[in-house]
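Now for the letters of each chain:
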Amino acid sequence: MSILKKRRLQVVILAGLVVFALALCALVVVMMLCRGPAVAY
Amino acid sequence: MNPSGAAVVKPSILSDLGELTKLRLSFLVLLTTLVGFLLGWRGPIDYVLLGATLLGTALSAAGASALNQWLERDLDALMPRTADRPLPARRMHPSDALLFGLLCCVSGVVILGCFANLLTAFLAALTIIIYAALYTPCKRITELNTLIGAIPGALPPLLGWTAATDQTGLGGWILFLILWFWQMPHFLAIAWLYRDQYAAAGFKMLTTRDSEGWATSWQTLIYSAALLAVSLLPGTVGMASPYYFFAALALGASMMYLSIEFIRNRNTPSARRLFFASIIYLPLLLGALVAFSR
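Residues numbered from 1 in each chain as written. Chains lettered and ligands numbered in written order. Predicted model: local features only at pLDDT ≥ 70, side-chain atom pairs only at ≥ 80, totals over all residues.

Here's the deal with the domain arrangement of chain B
Frequently, the measure chosen for interface size is the accessible area removed from exposure when the parts meet. Residues and elements named next belong to chain B. Assigned domains of chain B: these are domain 1 (11-168) and domain 2 (169-294). Averaged C-alpha coordinates put domain 1 and domain 2 at centres separated by 21 Å. Across the boundary between the two partners, domain 1 contributes 31 residues, which contact 26 residues of domain 2. Of all the secondary-structure elements, those providing two or more residues to the side of domain 1 that touches domain 2 are helix H2 (23-40) and helix H7 (145-165). By residue class, the composition of the side of domain 1 that touches domain 2 is 16 nonpolar, 11 polar and 4 charged. (Domains from an automatic or database assignment. Contact = placed C-beta atoms within 7 Å. Helix = DSSP H or I, 4+ residues; strand = E, 2+ residues; numbered from the N terminus. Nonpolar A, V, L, I, M, F, W, Y, C, P; charged D, E, K, R; others polar.)

Laid out in structure tokens, this is it:
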């Protein structure tokens, strides 16, 4: 694999990881919306 | 409306997410990691590596904050300063926060291991473990918790350094020391300002039994003097130019002056001035270090 292709793949993977991180945050938001207030902490 | 008649603003879900991940603290962690990376790196910046380092660190910091709040949710409910966090206020289920924290921590460490190196991943894991598993329970056990808590707070610049250089070097350890000593006057000032709340929650803090403030204020001076000394090291070991040396000298002297003022007055305004000065101090010092680095 050429250096340029490898670099491009790295950028794509990193972008995917950023999306994954945002999805984690979205997961919390969705769970808060769906489950409502907690009964106890 | 609350009993005093003032309107109560209900936090939004996004602000709760920011609170759970301690957004401001995580931003500071990222800033210090960035400084460590920039100081360690030689040649044209590898932006993919830098981006992955910051992403992995951000996830680790967010996860550690979530785990910390999951562990402390009962005590947070006792302090007005923290009672409105999403867990003690019961706007979020504890299991959700735990799951989020664990996922963030694991993914952050894995990203650092895959993109940077195993040493950086190890340091990130160590930071999370000390913060969540050692510092958090120690708050209820010993006054030394501040000293322990300053370790994970000081590791991020070393983490940035190791991501850039593949090793811990003198420069990385100097950054660690600067961050460690900086946190002491910073946290002692906070602990003084909120000493009643810490006492009510049962946290073991020096400030809760130091009603006159002598021990607390003197410690801020001692740590500020140590901070001044270690902050001059980059100028003496060839990491930074003489311009940095004089900038660090002026900034460190300011911190010492405000610590002396705290000793003389030992009241809320003097503690608040020291606290805010410490907030301004760090970006200025790190900015000078990057600007005048060699």
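Once the structure has been displayed, the description carries forward.
Comments concerning H2 of chain B
When the terminal C-alpha atoms of H2 of chain B are compared, their 26 Å separation across 18 residues agrees well with the 26 Å that a helix rising 1.5 Å per residue should span. Looking only at H2 of chain B, the buried set comprises Ser26, Val29, Thr32, Thr33, Val35, Gly36, Phe37, Leu39 and Gly40 of chain B. (Expected span 1.5 Å × (residues − 1). Buried ≥ 20, exposed ≤ 12 C-beta atoms within 10 Å, placed from the backbone.)

Considerations on the packing of helix H3 (residues 47-71) of chain B against helix H6 (residues 118-138) of chain B
Residue and element names in this part refer to chain B. Where H3 contacts H6, the two axes come as close as 10 Å, and the packing angle between them is 15°. On the basis of their axis angle, the class for H3 and H6 is roughly parallel. Taken as a pair, H3 and H6 cross one another with a handedness that is right-handed. In contact with Gly56, Thr57, Ser60, Gly63, Ala64, Leu67, Asn68 and Leu71 of H3, H6 contributes Ala124, Thr127, Ile128, Tyr131, Ala132 and Thr136. (Axes fitted to C-alpha atoms, helices over the stretch in contact; angles between N-to-C directions. Parallel < 35°, antiparallel > 145°, perpendicular 65-115°, else oblique. Left-handed = near helix turned anticlockwise from the far one by under 90°.)

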